[in-house]
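# Results of the structural survey
So the chains spell out like this:
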Amino acid sequence: MQGPIVRKLFELYATGRFTVPALEKKSAELGLRYKNNPKTLSRAALYLMLRNPLYHGLISWKDEEVVGKHEPLISKELFDRAQAVLGREKKPRNLKFAFRGLAVCGSCGGFITAERHIKNGNGRKRVYVYYRCTGWKNGGAVCADSYIREEELILQLAQPLKDLKFDERTLVDIKEALKKSYGAEKDFARERTRVLQGEEGRLKNRIDQAYNDKLDGLITAGDYAERVKVWRERLVKAREELHALGGAHDLYLDEAARILDVAQRAYDIYMGQDDNFQRRQLLDDIVSKVVIKDKMALSNLREPFSTLSKLASAAKSGSDDLGWYPRAGSNGQPAV
């Protein structure tokens, strides 16, 4: 069965941790092959696969995309995440400045760019990289408080990652709460699946009946197209949600554990890198916005990392109210 392998490749690629060349190797390891051909998929074929809307339920017909009768292999949400990673991968890498384009100036709101400074001393040249605003919003005048050396920027960008780390007791509490919420997630998914399956059946019947009515001359081709367009849109949404629910609760704990693991190790991974472009890739996954003002880099974290940072801060301050998960009692069990 090739379908589960294709779904797995989409899931791996959507994490942002695989390039298409890396996915080509993974595809061969998993055993994905051309139909009626023992040859493994080429890199070009993988690019085409990742861009093909067929896998989330659409087919191209008369220069438009319509809902296919086949069962979608992946959700539209997963497809869109893969497209976002594709867009990021296609962007050419600036060979000089890893953090250019990451931040904006807190004084003028302009973009932050970078420049090299070469200083001579003791018979040798030393190269320094500085980041600063472009100055285009001020007629070319660069905001003086936007200048920051790359070495200092690296350290300041690391601080929010360091603040993500939990103490062991808080980590145990969070994992316990996740197990409890997992049960509620499964119950909700079961009931919602039942409702959506009924909706899917009704929409299919309406589309089929409208087609028969058009053939019998009971409605015009225009009326048919107008009605079916609305029903197909609703059918796509129902199928997307059904597909997402199909494996969502099973992946719930795995995904939560992965996010917690990333949060716990993000600072060490970041500081352990020698390659600033690898650091930038990690930041793109965790940080939503960076503002540089008064020679300081201030970061906003993406969800769920923003919430985890607040929980970690509350735990470190000794707060009893840490939000959505129960505080462990003295016996190590969740407090009632």
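Residues numbered from 1 in each chain as written. Predicted model: local features only at pLDDT ≥ 70, side-chain atom pairs only at ≥ 80, totals over all residues. Heavy atoms only, no water.

### Topic: the sheet that holds strand E4 (residues 112-121)
One open sheet holds the three strands; their spatial order is E4-E5-E6, and the pairing between them is antiparallel. On the outer flanks of this sheet lie E4 and strand E6 (148-149), each paired with one strand and no other. Here strand E5 (residues 124-133) pairs with E6 via two bridges, running antiparallel. Within E6, the residue paired with tyrosine 130 across the bridge is arginine 149. (Pairing = 2+ DSSP bridges. Helix = DSSP H or I, 4+ residues; strand = E, 2+ residues; numbered from the N terminus.)

### Considerations on unusual backbone geometry
Peptide bonds are, in most cases, trans, and in most cases residues other than glycine have a negative phi. A cis geometry characterises the amide bond from glutamate 303 onward to proline 304, with omega recorded as 5°. Relative to the elements of secondary structure, proline 304 occurs in the loop between strand E8 (296-301) and helix H9 (305-317). With a phi angle near 55°, aspartate 294 is a residue other than glycine that sits in the positive phi range. Considering the arrangement of structural elements, one finds aspartate 294 in the loop between strand E7 (287-293) and E8. A relative accessible area of 52% means that aspartate 294 is categorised as exposed. (Buried < 20%, exposed > 50% of the residue type's maximum accessible area, 1.4 Å probe, protein only.)

### Here we look at the packing of aromatic side chains
Two descriptors summarise a pair of aromatic rings, namely the distance from one centre to the other and the angle between the planes of the rings. Tallied over the entire structure, the rule returns four aromatic pairs. Ring geometry for phenylalanine 10 against tyrosine 55: centres 5.7 Å apart, planes inclined by 55°, an arrangement best described as tilted. Placement of the pair is phenylalanine 10 in helix H1 (residues 3-14) and tyrosine 55 in the loop between helix H3 (43-51) and strand E1 (58-61), with a sequence separation of 45 residues. Owing to a relative accessible area of 0%, phenylalanine 10 belongs among the buried residues under this scheme. Every member of this aromatic cluster is reached through a ring pair, and the members are Phe10, Tyr55 and Phe79. Here the basic side chain of lysine 214 rests over the ring of tyrosine 224, its NZ or CZ set 4.4 Å away from the ring centre. In this structure, arginine 279 packs its charged tip against the face of tyrosine 270, placed 5.5 Å from the ring centre. (Phe/Tyr/Trp six-rings, centres within 6.5 Å; stacked < 30°, edge-to-face > 60°. Lys NZ or Arg CZ within 6 Å of the ring centre and 35° of its normal.)

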